[in-house]
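Here's the letter readout for the chains.
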Amino acid sequence: MLDAIRQALDRDRVTRQQQSSLAGLRKRYEALTAREREVMGLVVSGMLNKQIAFDLGTSEITVKYIAAT
């Protein structure tokens, strides 16, 4: 019985840590500008900075700067 309680408490601790981490990520995402979100979406889709720059009509340096933010 005590083992089951310990396991439940361990699972709860891990879940709370994950939720806290996710909340932090959401907060950071919400702080991005619309353009930064647009670039981020393209970066995570696997596009190269050069391709993103072409699609958005901007320079590759700008994309790199936004992606590094």
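Residues numbered from 1 in each chain as written. Predicted model: local features only at pLDDT ≥ 70, side-chain atom pairs only at ≥ 80, totals over all residues. Heavy atoms only, no water.

Novice: Looking at this model, I keep getting lost on the overall build of the protein chain. Mind explaining?
Specialist: Regarding its fold elements, the protein chain presents four helices and zero strands. Put simply, the protein chain runs from its N terminus to its C terminus through helices and strands in the order α-α-α-α. Over its C-alpha atoms the protein chain spans a radius of gyration of 19 Å, topping by over 25% the 11 Å that the globule rule assigns to 69 residues. Projected onto its principal axes, the C-alpha coordinates of the protein chain cover approximately 65 × 20 × 15 Å. Within the span of the protein chain, comprising 69 residues, buried residues form 12% of the whole. The distance from the centre of the 11 positive side-chain charges to the centre of the 8 negative ones in the protein chain is 3 Å. (Helix = DSSP H or I, 4+ residues; strand = E, 2+ residues; numbered from the N terminus. Rg over C-alpha atoms; globule rule 2.2 N^0.38 Å. Buried < 20%, exposed > 50% of the residue type's maximum accessible area, 1.4 Å probe, protein only. Lys, Arg positive; Asp, Glu negative; His and termini not counted. Charge placed at Lys NZ, Arg CZ, Asp CG, Glu CD.)

Novice: So what exactly am I meant to see when it comes to a nonpolar patch on the surface here?
Specialist: Taken together, the side chains of Met1, Leu2, Ile5 and Leu9 make up a nonpolar region of the molecular surface, amounting to roughly 480 Å² of accessible area. Along the chain, the position of isoleucine 5 falls in helix 1 (residues 2–30). (Patch = residues over 30% accessible without salt bridge, like charges linked within 9 Å, V, L, I, M, F, W, Y side chains within 5 Å. Areas by Shrake-Rupley, 256 points an atom, 1.4 Å probe, with all protein chains shown as cover. Salt bridge = Lys/Arg side-chain N within 4 Å of Asp/Glu carboxyl O.)

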